[in-house]
Amino acid sequence: VQLQASGGGLVQAGGSLRLSCAASGHTFSNYAMGWFRQAPGKEREFVAAITWSGSKTSYTDSVKGRFTISRDNAKNTVYLQMNSLKPEDTAVYYCAARQSYGGSDYYTDRNQYTYWGQGTQVTVSS
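Everything numeric in this text was worked out from a predicted model, so none of it was measured.

Trainee: Please clarify how the overall build of the chain should be interpreted in this entry.
Mentor: Scanning the chain for helices and strands turns up zero helices and eleven strands. Helices and strands appear in the chain in the N-to-C order β-β-β-β-β-β-β-β-β-β-β. Taking 126 residues into account, the globule formula puts the C-alpha radius of gyration at 14 Å, and the chain, at 13 Å, falls close to it. In terms of overall dimensions, the chain has a C-alpha envelope of 45 × 25 × 25 Å along the principal axes. For the chain, buried positions account for 42% of its 126 residues. Taking contacts inside the chain between residues at least 6 apart in sequence as the whole, the part at least 24 apart equals 61%. Of the roughly 6,200 Å² of accessible surface on the chain, a fraction of 43% belongs to carbon and sulfur atoms. Each charge sign in the chain was given a centre, from 12 positive and 8 negative side chains, and these centres are 4 Å apart.

Structure follows, in structure tokens:
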């Protein structure tokens, strides 16, 4: 599956952005999806994950209550709505996919994902 992330940009602290990740090449609903981010000099870290059906989600503690992951299987797209952005949210954001085989799991470890998008830069100014 090919993934194309978009929606990043420059925003002031307290602002909002919505990232999108469009998938192509395979049946999107077969895949659990995740968002990760990587700041300069740091490792890529988990942000949010969602099951193939969208019934379950998971978030890293630092974004709980501010970010929301969702998906539209009819549009082959997963979203990350980011509100109340902080300067520490500045990073390149990546979407990732892993075949789910109809299971009900989400995945929070980057090593569990097979496919990655190219990343989209999010910069939050103070």
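Trainee: What is the right way to look at the sheet that holds strand 7 (residues 67-72) in this model?
Mentor: Strands belonging to one sheet form pairs held by backbone hydrogen bonds; the direction of such a pair is parallel or antiparallel. The strand order across the open sheet built from four strands is 1-3-8-7, with neighbouring strands paired in antiparallel fashion. On the outer flanks of this sheet lie strand 1 (2-6) and strand 7, each paired with one strand and no other. The sheet shows a mean angle of 15° between the axes of neighbouring strands, direction not considered.

Trainee: Explain the nonpolar core to me, please; I cannot follow it from the model alone.
Mentor: The nonpolar side chains of a soluble globular protein tend to be buried, and buried together. Ranked by internal contacts, the top residues of the largest apolar core, which has 30 residues, are M33, W35, L80, M82 and Y93. Of all the secondary-structure elements, those providing two or more residues to this core are strand 1, strand 3 (17-24), strand 4 (31-38), strand 5 (45-50), strand 7, strand 8 (77-82), strand 9 (91-99) and strand 11 (120-125). Those residues within four positions of M33 in sequence are excluded, and the remaining contacts are L3, C21, F28, A48, A49, I50, I69, R71, V78, A96, A97 and Y113. By size, the runner-up hydrophobic cluster in this structure holds seven residues, among which are A32, F46, A96 and Y113.

Trainee: In this structure, what is going on with the pattern of salt bridges? I would like to understand it.
Mentor: As a working rule, side chains carrying opposite charge can pair if their charged atoms are close by. This model, assessed by the stated rule, comprises five salt bridges. Between E45 and R37 there is a salt bridge whose closest N-O contact spans 2.6 Å. The buried category is assigned to R37, whose relative accessible area is 5%. Linking E43 and R110 is a salt bridge whose minimum nitrogen-to-oxygen distance equals 3.8 Å. Taken together, the positions of E43 in the loop between strand 4 and strand 5 and R110 in the loop between strand 9 and strand 10 (115-116) put the pair 67 residues apart, joining distant regions of the chain. Classification of E43 as exposed rests on a relative accessible area of 60%. Take R110: its relative accessible area is 33%, and that puts it in the partly exposed class. Here the residues in one salt-bridge network are R37, E45, R66 and D89, joined through shared partners.

Trainee: So what exactly am I meant to see when it comes to the packing of aromatic side chains here?
Mentor: This model, assessed by the stated rule, comprises six aromatic pairs. For the ring pair F36 and F46, a centre distance of 5.8 Å and an interplane angle of 70° mean the geometry is edge-to-face. Placement of F36 in strand 4 and of F46 in strand 5 is noted, with a sequence separation of ten residues between them. Assessed through its relative accessible area of 1%, F36 is described here as buried. Judged by its relative accessible area of 13%, F46 falls in the buried class. Judged by centre distance (6.2 Å) and plane angle (65°), the ring pair of Y113 and W116 falls under edge-to-face. You can call Y113 buried: its relative accessible area is 7%. Note on W116: relative accessible area 28%, which makes it partly exposed. An aromatic cluster is defined as three or more aromatic residues linked by ring pairs; in this entry it consists of F36, F46, Y107, Y113 and W116.

Conventions and cut-offs
Residues numbered from 1 in each chain as written. Predicted model: local features only at pLDDT ≥ 70, side-chain atom pairs only at ≥ 80, totals over all residues. Heavy atoms only, no water. Helix = DSSP H or I, 4+ residues; strand = E, 2+ residues; numbered from the N terminus. Rg over C-alpha atoms; globule rule 2.2 N^0.38 Å. Buried < 20%, exposed > 50% of the residue type's maximum accessible area, 1.4 Å probe, protein only. Contact = heavy atoms within 4.5 Å. Areas by Shrake-Rupley, 256 points an atom, 1.4 Å probe, with all protein chains shown as cover. Lys, Arg positive; Asp, Glu negative; His and termini not counted. Charge placed at Lys NZ, Arg CZ, Asp CG, Glu CD. Pairing = 2+ DSSP bridges. Axes fitted to C-alpha atoms, helices over the stretch in contact; angles between N-to-C directions. Core = buried A, V, L, I, M, F, W, Y, C linked by side-chain atoms within 4.5 Å. Salt bridge = Lys/Arg side-chain N within 4 Å of Asp/Glu carboxyl O. Phe/Tyr/Trp six-rings, centres within 6.5 Å; stacked < 30°, edge-to-face > 60°.

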